[in-house]
Amino acid sequence: MDNENKPVRRSDLVWREIDGEVVIISPDNKAMQVLNNVGSRIWTLLDGEHDVAAIAAILSKEYEGQAEDIKKDAIEYLSNLKQLNLLEG
Amino acid sequence: MDTCEYKVTPQNSYEDFMTDKYWAKNRPMSIHFELTQRCNLRCIHCLFNHETRDELSTEEIFNILNQLKEFGVFNLSLSGGEIFTRKDIGEILDFLRIHRFTVSIYTNGTLINASYLEKIAALKPFDIQISVYGATSDVHDAITRIPGSFQKTIKCIRKLLDARVPVFFKGFLLEKNFQQRWQMIELANELGVLYAFDFNMIPMENGDIKNLSAGLTNVQIEKIYQEVAEEGLILRNNVKIKSRESQLPQGGTVICNPGRINGCIGSNGDVFPCPILRITIGNIMEKPFEKIWKTDRIDPIRYMKLSDLKECSECSIISSCNRCPGVAYLETGNYLGPAPFSVCNKYKSLVNEKRG
């Protein structure tokens, strides 16, 4: 996943953010995923407006850690969401 | 402050999430939304009399759906009356397609045209539950009291299946269709859909009990329990006449949980703790849903205990009966008391026959 890539959530998923944590239900297999705190923040940024670089920059401002490490974690996390078939494309 | 130096683990515990975010806070997960009380059928056992009453407008429904989503509600069951009598039902389905919920649709299927079918398929509902009251036209139509309704319902099921919409065959057993129960199962199997039966009668919303006479006789109920145990007949409410001990709280635990993570909104905006326990908590046209729900006025309902049921807890058949606070309330106005006509008479007689 490169810097300009603008990941976007699958539009048919049912998801809610409750007290900062996101839970997602897929209509295909009714599988439910609960994202942890940082994962939930990333999820809210997957609106197709933010590219990977922008997401990493926002996380760097909001969370402690080295910018490069945060970016690396974010990319890994996005790949994970992709594998779980939670992203478009 | 949280750190981004974490192991990537998208899945936390769903159980923990539900306990912390929903149960502990009495946050509703599922809402049964009655979009109308109008219906094109006149089923002999229905709890509504289908009198015209104030109904929420399209915009009001959209507003409520936004509130529910904001509050964290996931599951919606769209119910009536018959929801496809609403002229704006297509718009509502479109709205739900965009503002995602896990949707179950309760319908008789007779009014679903090609346009609605397309919208339902696009919505990707969790399921569409279709009421079926017989395996042949004469039996089904005698219960709905509308000639031709059976043919329309079955045709609709086939079309929904062609459109790959998950259909659930919602059978209801009454005295008049009892003889066709196995034919109904064959029909469900032939259609290729899941089925389950219910036979628990609910008095009418206004407290009238005249609809109860359409229910199964004691002999028929006994036969049903035997078939559930020995022949694999499937009931929606898995209640057994032999013993209900596993469902009964021992000591101080909660009996059932109306008004905690499940609730109901009526066609005029009244909010209830459950679709059967029709004690109005408030009206959504007067106050936002979240404010209505967060009242502590219904805590005695939310946290009912066996010891609260003064009369029932001392009854000799409590472990066998199919008690429901909502049914008791409809019959007598007291959700903590017995329901003499719908439940007590029937189960006392059944248990006595067994003992005798």
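Further up the page is the structure itself.
Anyway, here's the lowdown on the structure attached to this text. Here the structure is a predicted model, which is why all the values come from computation and not from measurement.

Moving on, we come to the sheet that holds strand β5 (residues 167–172) of chain B. Residues and elements named next belong to chain B. On the basis of which strands lie adjacent, the open sheet formed by 9 strands has the order β6-β5-β4-β3-β2-β1-β7-β8-β9 and mixed pairing. Both outer strands of the open sheet, β6 (194–198) and β9 (282–283), are each paired with one neighbouring strand and no more. Pairing of strand β4 (residues 127–132) with β5 involves 5 bridges; the strand directions are parallel. Bridge pairing links S131 to K170 in β5.

Residues and elements named next belong to chain A. With antiparallel pairing, the 3 strands of this open sheet are ordered in space as β1-β2-β3. Because the sheet does not close on itself, it has two edges, and the strands there are β1 (14–18) and β3 (32–34). Put simply, the sheet's adjacent strands are angled 15° from each other on average, direction ignored. Pairing of strand β2 (residues 21–25) with β3, which is carried by 3 bridges, proceeds in the antiparallel orientation. Residue pairing for β3: I25 is matched across the bridge by M32. Helix α1 (residues 37–44) contacts β1 and β2 of the sheet and is inclined by roughly 70° relative to β2.

Residues and elements named next belong to chain B. Summarising the element assignment, T144 is placed in helix α5 (residues 137–144). Taking the relative accessible area as the measure of exposure, T144 reaches 0% and is therefore buried. When the C-alpha atoms of T144 and L235 are compared, they prove to be 21 Å apart, with 91 residues separating the residues in sequence. If near-sequence neighbours (up to four positions away) are discounted, T144 is found in contact with L41, R42, C43, Y133 and S149.

On to the pairing of β2(A). Residue and element names in this part refer to chain A. Taken across its 5 residues, β2 has 4 buried, putting it largely inside the fold. Where β1 lies against β2, 5 bridges are found, and the strand directions are antiparallel. Bridge pairing links W15 to I24 in β2. Here β1 folds back onto β2 in antiparallel fashion, the turn holding 2 residues, of which D19 has a positive phi close to 50°.

So, about the nonpolar core. The tendency in soluble globular proteins is for nonpolar side chains to be buried side by side. Ranked by size, the top nonpolar core spans 82 residues in total, and within it B:F33, B:L68, B:L78 and B:I105 carry the most contacts. Looking at which element gives the most residues to this core, the answer is helix α2 (residues 58–71) of chain B, with 6 residues. The residues contacting B:L78, other than those within four sequence positions of it, are B:F33, B:L35, B:I83, B:L93, B:L96, B:V103, B:S104, B:I105 and B:Y106. A:L45, A:V52, A:I55 and A:L81 belong to the second largest nonpolar core, which has 20 residues in total.

So, about helix α8 (residues 218–231) of chain B. Compared with an ideal rise of 1.5 Å per residue, which puts 14 residues at 20 Å, α8(B) spans 19 Å between its outermost C-alpha atoms and is within 8% of the ideal. Looking at the residues trailing α8(B), positive phi occurs at B:G232, about 80°.

This part takes up unusual backbone geometry. Residues and elements named next belong to chain B. Here the amide bond leading from G80 into G81 is cis, since omega sits at 15°, within 30 degrees of zero. Positive phi values are uncommon outside glycine, yet R145 reaches one of about 60°. As for its placement among the helices and strands, R145 is situated in the loop between α5 and α6 (149–162). Phi is positive for R164, close to 60°, though the residue is something other than glycine. Inspection of the secondary structure puts R164 in the loop between α6 and β5.

Criteria and cut-off values
- Residues numbered from 1 in each chain as written.
- Chains lettered and ligands numbered in written order.
- Predicted model: local features only at pLDDT ≥ 70, side-chain atom pairs only at ≥ 80, totals over all residues.
- Heavy atoms only, no water.
- Pairing = 2+ DSSP bridges.
- Helix = DSSP H or I, 4+ residues; strand = E, 2+ residues; numbered from the N terminus.
- Axes fitted to C-alpha atoms, helices over the stretch in contact; angles between N-to-C directions.
- Contact = heavy atoms within 4.5 Å.
- Buried < 20%, exposed > 50% of the residue type's maximum accessible area, 1.4 Å probe, protein only.
- Core = buried A, V, L, I, M, F, W, Y, C linked by side-chain atoms within 4.5 Å.
- Expected span 1.5 Å × (residues − 1).

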